[in-house]
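# Inside the fold
Residue strings, one per chain:
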Amino acid sequence: MKDLIKAQLYQLKKNRLVLIVFIAVFLLQFINIIGEISYSGSGFCASTYIVDMSLEMIFMSLVFPTIFTGCVCGGDFSDKTVNYELMSGHTRKQVYFSRAVISLVGGVIGEFIIIVAPVVVLSEAYGWGTDILVKEAVIRYLFMLLPIARIICEFIFLTYVVKNQYITMAGSCFVFSIGLSLVELLSSETSVFLGMTNIMKLGTYESWSTYTLDNTVDMIKVYDASLSTGDIISTIISSVLFGGVFLFIGYRYFCGDDLN
């Protein structure tokens, strides 16, 4: 399986689409942030970005790991490279999981870089702020990688079913272009049942507003960024369970597929 992974990584070095999508999503986030800074003024900082904007940016950036998965898992069906790998002595298990591993590792790392980079830059340029603590943001971001990995597993399954990277890419763009709007309709019932609602649950911060006694300053907001034990356990269980199920179903489907 190591040889298959090396071969896939070599192909990815030549895949301009993956690099273009990564750069495009990366820059788009900073463009949105620049616009928000122009609107909000000097009061904008890293913690303010996290509680007010990061969830929207995270949903937008999910286009990268899903398109990355489509390229890795579906790119070799059109030229029959998968068939050649099987004829050269590799098992279907090796072929399937070599691509699944690259999709998960590369997709999660790429997504993490995209969503964390703006926070780091804003913290250096404008300071962290007082909305939430650094450790609270770190904990939420780390746990958010679990449902992101789960979504990647679901797209691995989809890619092996349709055997076409472009259908997967189109599906990912369509799903996440309307995903935030759909999830916002369920904002009062965020849960771990769906990967996207799980992300929203982890990216939503409860807040309370108040004013000073003489009302001489702007409204003061207090955020609760703590996660309950139940939220943490349910996120871990649902991500591992659903992600594992989709990986297994995708593998079983691939094993029985005639690859025509």
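Source: prediction; values computed, not measured. (Residues numbered from 1 in each chain as written. Predicted model: local features only at pLDDT ≥ 70, side-chain atom pairs only at ≥ 80, totals over all residues. Heavy atoms only, no water.)

### What about the packing of helix H5 (residues 63–74) against helix H7 (residues 92–126)?
- At a closest axis distance of 9 Å, the pairing of H5 and H7 adopts a crossing angle of 155°. Here H5 lies roughly antiparallel to H7, going by the angle between them. Remark: the crossing between H5 and H7 carries right-handed chirality. Contacts between H5 and H7 involve Phe-64, Pro-65, Phe-68, Thr-69, Val-72 and Cys-73 from the first element and Arg-99, Ile-102, Ser-103, Gly-106, Gly-107, Gly-110, Glu-111 and Ile-114 from the second. (Axes fitted to C-alpha atoms, helices over the stretch in contact; angles between N-to-C directions. Helix = DSSP H or I, 4+ residues; strand = E, 2+ residues; numbered from the N terminus. Parallel < 35°, antiparallel > 145°, perpendicular 65-115°, else oblique. Left-handed = near helix turned anticlockwise from the far one by under 90°. Contact = heavy atoms within 4.5 Å.)

### Quick notes on the packing of aromatic side chains
- Summed over the entire model, instances satisfying the criterion amount to 13 aromatic pairs.
- The interplanar angle of 20° and the centroid separation of 6.0 Å between the aromatic rings of Phe-22 and Phe-26 together place this pair among those described as stacked. Pair noted here: Phe-22 and Phe-26 are both in helix H2 (residues 16–40), with a separation of 4 residues, about one helical turn.
- Ring geometry for Tyr-96 and Phe-97: centres 4.9 Å apart, planes at 85°, overall edge-to-face.
- Relative accessible area serves as the criterion here: at 0%, Tyr-96 is assigned to the buried category.
- For Phe-97, a relative accessible area of 24% gives the class partly exposed.
- The ring of Phe-254 is capped by Arg-92, whose NZ or CZ atom sits 5.4 Å from the centre of that ring. (Phe/Tyr/Trp six-rings, centres within 6.5 Å; stacked < 30°, edge-to-face > 60°. Buried < 20%, exposed > 50% of the residue type's maximum accessible area, 1.4 Å probe, protein only. Lys NZ or Arg CZ within 6 Å of the ring centre and 35° of its normal.)

### Thoughts on the packing of helix H8 (residues 134–162) against helix H10 (residues 195–203)
- Close contact between H8 and H10 brings their axes to 9 Å; oriented N to C, the two are set at 175°. The angle between H8 and H10 falls in the class roughly antiparallel. Contacts from Arg-140, Phe-143, Met-144, Pro-147, Ile-148, Arg-150 and Ile-151 in H8 reach Gly-195, Met-196, Asn-198, Ile-199, Lys-201, Leu-202 and Gly-203 in H10.
- Of the residues assigned to the contact of H8 with H10, the class counts are 8 nonpolar, 3 polar and 3 charged. (Nonpolar A, V, L, I, M, F, W, Y, C, P; charged D, E, K, R; others polar.)

### A word on a nonpolar patch on the surface
- Where nonpolar side chains cluster on the molecular surface, the patch consists of Ile-233, Ile-237, Leu-241, Val-245, Phe-248 and Ile-249 and spans about 550 Å² of accessible area.
- Along the chain, Ile-237 turns up in helix H11 (residues 229–256). (Patch = residues over 30% accessible without salt bridge, like charges linked within 9 Å, V, L, I, M, F, W, Y side chains within 5 Å. Areas by Shrake-Rupley, 256 points an atom, 1.4 Å probe, with all protein chains shown as cover. Salt bridge = Lys/Arg side-chain N within 4 Å of Asp/Glu carboxyl O.)

### A closer look at the state of the cysteines
- Applying the stated rule across the entire model yields 0 disulfides.
- Of all cysteine sulfurs, the one in Cys-153 lies closest to Cys-73, which takes part in no disulfide; the gap is 9.8 Å. (Disulfide = S-S within 2.5 Å.)

### So, the pattern of salt bridges
- For the structure on display, the rule yields 5 salt bridges.
- The partner of Asp-76 in a salt bridge is Arg-99, with the nearest N and O atoms 2.7 Å apart. Of the two residues, Asp-76 sits in the loop between H5 and helix H6 (81–87) while Arg-99 sits in helix H7, which places them 23 residues apart along the sequence. The exposure classification of Asp-76 matches that of Arg-99, with both residues buried.
- Within the structure, one salt-bridge network assembled from shared partners comprises Asp-76, Glu-85 and Arg-99.

### Digging into the side chain of Arg-99
- A relative accessible area of 0% means that Arg-99 is categorised as buried.
- Setting aside anything within four residues of it in sequence, one finds Arg-99 in contact with Gln-8, Val-72, Cys-73, Asp-76, Val-82, Glu-85 and Tyr-160.

### Notes on the side chain of Thr-66
- With respect to the helices and strands, Thr-66 occurs in helix H5.
- You can call Thr-66 buried: its relative accessible area is 1%.
- Only 3.0 Å separates the side chain of Thr-66 from the backbone oxygen of Val-63, close enough to count as a polar contact.
- Setting aside anything within four residues of it in sequence, one finds Thr-66 in contact with Ile-151, Phe-155, Thr-168, Ser-172 and Phe-176. (Polar contact = N/O pair within 3.5 Å; in protein donor to acceptor, adjacent residues only side chain to side chain.)

### A few points about H10
- Most of H10 sits out of view: 8 of its 9 residues are buried.
- Burial in H10 covers these residues: Gly-195, Met-196, Thr-197, Asn-198, Ile-199, Met-200, Leu-202 and Gly-203.

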